[in-house]
Amino acid sequence: MTSVAVVGAGVIGLSCARELARAGVDDVVVLERQGQVAQGSTSRANGGFRAQFTTAPNVAFSLWSIGELERLEAATGLLSMHQTGYLLFTGTPEGERGLRAGYELQRSLGVATEWLSAAEILERAPFVRPDGLLAGTFHARDGMLDPYGVARSMEREARALGVRIVTGAEVQAIGRIGDDFEVEHQGGVVRSSWLVNAAGSDAREVGAMLVVEVPVTPYRRNLAFAPDPTHAGELISMCVDLDTGVLVRREPGGGYVIAYSNPADPPSRETSVDPAFLGDVAERIGNRFPFLEDVPIDVDACWAGLYPETPDHHAIVGETPEAPRFLQCVGFGGHGIMHAPAAGRAIAELVTLGRSETFDLRPLRLSRFAEDDLVVETAVL
Ligand SMILES: Cc1cc2nc3c(=O)[nH]c(=O)nc-3n(C[C@H](O)[C@H](O)[C@H](O)COP(=O)(O)OP(=O)(O)OC[C@H]3O[C@@H](n4cnc5c(N)ncnc54)[C@H](O)[C@@H]3O)c2cc1C
């Protein structure tokens, strides 16, 4: 009989469990170190989702996931999903070339991304500083949601389908008995015929328990909140100034969430807000969002968490060559919430069919790092 143990009850592990159960696997257990589900990166996310990526595997994961998130929201109402679109723009010729390449790839893969002139960007976002603005793109099915709501809706369905979720169960050692896995955790031992690594920022450590090198590295990422009650209830698109890397969205209750990921930040497991982040934002925010220069940041309402990153900004999804039936579903960086549905589906297909029918998983295989066969995602936000 097929049995699957999943390490980690973040959005990725919960999605894997839900999709496995939906695919008919009736013995699925999720082992989570914390006392509750989704207390790692998942609960720290900004909640953006977009199909506007620059590589085929990321666009494919987004497109499939957006459809599934729409269905989940309709079925559960737990996602607080707002399809406000992502609005990306640039004022440099180099930025425009990159945007054009992404736009053409997305269109070729069936995403209805729109190309916008400077005037059309300003129609959608009149608060953007217009000087030197060259071009933008917009995709209406992109938007924002509540990351915890996604995790909870997946948890609920997984449990209803018979998945066991064990909290307070840190996995400490993994052995093999014949073809099976023996997973030792804080509260006991689980035996399974398949094992899924969904340990987020701890994926490397879980891989090492079976002497597998999993190149996932945590980076601290921060979000700032600027309270402003004047526009409460009026949402805007997720606005992305590609020339500085600053993202701005409005909260449903009013105020702005501001994101910026400094590519020079070193790896870190620290989850308190980095004081340098506020300086980075202050330097860049005026480039396209001058109105926010005058809105003070509420330092106590800022937060931070970890991006589980890989060297090419793509997840690792698939078999482990040296450890059959040990599946990796890790390294989702800043797009794990939005790609969770597709990730879960891919894992369920690997277990039940031996291959993925829905996705081409070759670009996401673990061995690409050893083979030096990487395609790098550049729309890293
Ligand atoms: C500031 C910030 C903003 C972000 N914004 C977005 C966004 O807008 N959109 C988006 O899609 N993504 C966003 N992300 C990224 C997203 O949060 C992650 O990609 C996603 O949550 C990864 O999910 P996960 O399940 O892999 O990891 P996690 O949520 O960290 O879950 C992993 C789980 O594994 C458990 N675990 C680890 N080791 C063990 C062990 N040995 N035994 C048992 N359990 C273990 C952990 O306790 C944890 O609960 C953001 C992240 C941050 C920090």
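As a reminder, the structure under discussion sits directly above these lines.
What you are looking at is a predicted structure, and each value in this text was computed from that prediction instead of being measured.

A. Focus on the sheet that holds strand E9 (residues 171-177). As summarised here, the arrangement of the 3 strands in space is E9-E10-E11, forming an open sheet in which the pairing is antiparallel. Edge positions in the open sheet fall to E9 and strand E11 (188-192), since each of these has one partner strand only. Put simply, the sheet's adjacent strands are angled 20° from each other on average, direction ignored.

B. Spatial organisation of the site of the ligand. Every one of the 37 residues lining the ligand counts as a neighbour, but Glu32, Thr42, Gly48, Gly333 and Met338 are closest to it. Here glycine 47 contributes a backbone N or O atom positioned 3.2 Å from an oxygen atom of the ligand. Glycine 333 is positioned such that a nitrogen or oxygen atom in its backbone is 2.8 Å from an oxygen atom of the ligand. Protein contacts shield 97% of the accessible area of the ligand, which totals 1,000 Å² for the unbound molecule.

C. Expanded view of empty space enclosed by the protein. Applying the stated criterion across every chain, the model contains 3 cavities of 30 Å³ or more. Roughly 50 Å³ of internal volume is contained in the largest cavity. In this structure, the largest cavity is lined by Arg50, Phe53, Tyr307, Glu309, His313, Gly334, His335, Glu377, Ala379, Val380 and Leu381. Considering only residue class, the lining of the largest cavity consists of 5 nonpolar, 3 polar and 3 charged.

D. Region of the structure containing the pattern of salt bridges. Per the counting criterion, the structure on display carries 28 salt bridges. Taking the shortest distance from any N to any O, the salt bridge between arginine 22 and glutamate 68 comes out at 3.5 Å. Here arginine 22 is found in helix H1 (residues 11-22), whereas its partner glutamate 68 is found in helix H2 (residues 56-76), with 46 residues between them in sequence. The exposure class of arginine 22 is partly exposed, given its relative accessible area of 40%. With its nearest N and O atoms 3.0 Å apart, the salt bridge here joins glutamate 155 to arginine 159. In this pair, glutamate 155 and arginine 159 both sit in helix H5 (residues 147-160), 4 residues apart, roughly one turn of the helix. Residue glutamate 155 is classed as buried on the basis of its relative accessible area, which comes to 10%. On the basis of relative accessibility, which here comes to 40%, the residue arginine 159 falls in the partly exposed class.

Reading the values: rules and limits
- Residues numbered from 1 in each chain as written.
- Predicted model: local features only at pLDDT ≥ 70, side-chain atom pairs only at ≥ 80, totals over all residues.
- Heavy atoms only, no water.
- Pairing = 2+ DSSP bridges.
- Helix = DSSP H or I, 4+ residues; strand = E, 2+ residues; numbered from the N terminus.
- Axes fitted to C-alpha atoms, helices over the stretch in contact; angles between N-to-C directions.
- Near = heavy atom within 4 Å.
- Polar contact = N/O pair within 3.5 Å; in protein donor to acceptor, adjacent residues only side chain to side chain.
- Areas by Shrake-Rupley, 256 points an atom, 1.4 Å probe, with all protein chains shown as cover.
- 1 Å grid on protein atoms, 1.4 Å probe; cavity = no way out; pocket = protein on both sides within 12 Å on 5 of 7 lines; lining within 4 Å.
- Points joined across faces, edges and corners; volume = space filled by probe spheres on them.
- Nonpolar A, V, L, I, M, F, W, Y, C, P; charged D, E, K, R; others polar.
- Salt bridge = Lys/Arg side-chain N within 4 Å of Asp/Glu carboxyl O.
- Buried < 20%, exposed > 50% of the residue type's maximum accessible area, 1.4 Å probe, protein only.

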